[in-house]
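Survey of secondary and tertiary structure
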Amino acid sequence: MGRVLAMLTAAAAVVACSVAAVMVRGRVKRRRKWRKVVGLLKDLEESFETPLGRLRQMVDAVAVEMQAGLVSEGGSKLKMLLTFVDDLPNGRERGTYYALHLGGSYFRIIRVHLGGERSSLEVEDIERHSIPTSLLNSTSEVLFDFLASSLQKFIEKEGKESSSSQDVKRELAFTFSFPVKQTSLSSGVLIKWTKGFAISEMAGEDIAECLQGALDRRGLDIHVAALVNDTVGALSYGHYHDPDTIAAVVFGTGSNACYLERTDAIIKCQNPRTTSGSMVVNMEWGNFWSSRLPRTLYDIELDAESLNSNDMGFEKMIGGMYLGDIVRRVILRMSQESDIFGPISSILSTPFVLRTNSVSAMHEDDTPELHEVATILKHLGVPKVQLKVRKLVVKICDVVTRRAARLSAAGISGILKKVGRDGSGGGEGRRRSIGKQMMRRTVIAVEGGLYSNYKMFREYMDEALRDILGDDVARHVVIKAMEDGSSIGSALLLASSHSVRTISNI
């Protein structure tokens, strides 16, 4: 009996040792997998790093490319497009005007009434609609008939007592958030689609004529009197309220910027006829490229799988359409390298399934257990992960967003450098007082959900601007966020100028 007991005891010890060994091996294996993920995170941080020295090199590159784009057509990745806007609204505009804004993921229709004073600006009505995905690769007729139909419904809802329902021809500003080579304030041809649109037969077509044709087919007595880029509309609205506004940037589905340039600096267009000596230039900065940009494997893969590969490299690092997909690609790679996210989800493997507003929600999740992160991961097919894994996801969001915000700040600083308002000395942006130099107050109008709705993006960008410019200069630079500024501003431009200005020798 004693011998049997000894044998049982020995067997139990063997089993216990085996179980312990399995447990130890499991812990070692899990630690090894976690170390691998931590290593991937470290690589991510290093490849996405934007040190101050690199940002300042990028500032210089932006300013150089801006100058090159002003000298000759095709001389720069920045198209530096003329807008034929030389007189910005001043607050004395009167009348009732309409604006239709086609953006990247939405369109808006507004009606504004102007009473001749800044305080009398009234936005009488506004509608926002998502753009059906079926329109992104439809035909020009389908797209513009849809817009015309929406505008018709908007007008039909106007009350009989509305001042805008008088028996007069309505005038419309068409805010168009895509690259256009303008030939006048009210006409211009599409250069290319961005932000996921792919209607091939429209390249080279006059955008204003396309919309006017759709309106005419419906018998609507509306005249498309202005064709305005969204950044130009934002600049117009900013300048209407604050004359120190000299540039505007849109951070939305995509990203772009415009600024006020001296006409004598626009070499590629000799002797442009303007009354103010300046003209707004649409940079189309989404296409900016420089070896100074921290391009990574994730950027390369995203670009290769996009509809416009080898194009819009800067926008794909900072635009709201792309940040979510970069985060998704990082999480997917970590899933492939380790099982910390569980089995690889087919949802997680779907391009653009993770939107940037979800990235913002995860990044700014302040609940102790990161419940918002867990909910969004569940929608991505990752139902159960440990808290430390959820914290890892927050860190990924932080790394991707910080890079985007700091690169955006460098782009803005490049504009300031070009116009002499970055504090580097000289330039038309400085004026002298007795015994010392004084910086001019400079306002940058900013619009778009990425900036207005994403607190961490906003804070990182503002912080980077201070780092690049220095506190003494940065305190003279004001970033003014606005809502619907591009749409309202387009109507203001229409109100301030009904004349069609053309330049024949571009």
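Our subject in this report is the structure included herewith. (Residues numbered from 1 in each chain as written. Predicted model: local features only at pLDDT ≥ 70, side-chain atom pairs only at ≥ 80, totals over all residues. Heavy atoms only, no water.)

This model, assessed by the stated rule, comprises 16 aromatic pairs. Consider the rings of Phe178 and Trp193, whose centres lie 4.9 Å apart with planes at 75 degrees: the pair is edge-to-face. Of this pair, Phe178 sits in the loop between strand 5 (170–176) and strand 6 (180–184) while Trp193 sits in the loop between strand 7 (187–190) and helix 4 (207–217), and the two are 15 residues apart along the sequence. Trp193 shares its class with Phe178; the two are buried. Note on Phe251 and Tyr451: the rings are 6.5 Å apart at their centroids and 25 degrees apart in plane angle, and the pair reads as stacked. Within this pair, whereas Phe251 is found in strand 9 (residues 245–251), its partner Tyr451 is found in helix 12 (residues 449–453), the two being separated by 200 residues in sequence. Its relative accessible area of 4% is what places Tyr451 among the buried residues. (Phe/Tyr/Trp six-rings, centres within 6.5 Å; stacked < 30°, edge-to-face > 60°. Helix = DSSP H or I, 4+ residues; strand = E, 2+ residues; numbered from the N terminus. Buried < 20%, exposed > 50% of the residue type's maximum accessible area, 1.4 Å probe, protein only.)

For sheets, the rule is that strands pair by backbone hydrogen bonds, running either parallel or antiparallel. The strand order across the open sheet built from five strands is 4-3-2-5-8, with neighbouring strands paired in mixed fashion. Every other strand in the sheet has two partners, leaving strand 4 (122–130) and strand 8 (222–228) as the edge strands with one partner each. The mean inter-strand angle of the sheet, taken between neighbouring strand axes irrespective of direction, is 20 degrees. Relative to strand 8, strand 5 runs parallel, the two sharing six bridges. Among the inter-strand pairings, Leu172 is bridged to a residue of strand 8, identified as Val224. In the packing of helix 3 (residues 140–156) onto the sheet, the strands contacted are strand 2 (94–102), strand 3 (106–115), strand 4, strand 5 and strand 8, and the crossing angle to strand 3 comes to about 45 degrees. Packing of helix 5 (residues 230–241) onto the sheet brings it into contact with strand 2, strand 3, strand 5 and strand 8, and relative to strand 8 it is tilted by some 90 degrees. (Pairing = 2+ DSSP bridges. Axes fitted to C-alpha atoms, helices over the stretch in contact; angles between N-to-C directions. Contact = heavy atoms within 4.5 Å.)

What follows deals with the pattern of salt bridges. In this structure the tally under the stated criterion is 28 salt bridges. Put simply, Asp60 and Lys417 hold a salt bridge, and the shortest N to O gap is 3.6 Å. On the criterion of sequence distance, the pair formed by Asp60 in helix 2 (residues 52–71) and Lys417 in helix 11 (residues 387–418) is long-range, its members being 357 residues apart. Asp60 gets classed as partly exposed once you look at its relative accessible area, which sits at 37%. Classification of Lys417 as partly exposed rests on a relative accessible area of 29%. In this structure, Arg262 engages Asp264 in a salt bridge whose closest nitrogen and oxygen atoms are separated by 3.1 Å. Of the residues examined, Arg262 reaches a relative accessible area of 39% and is grouped as partly exposed. (Salt bridge = Lys/Arg side-chain N within 4 Å of Asp/Glu carboxyl O.)

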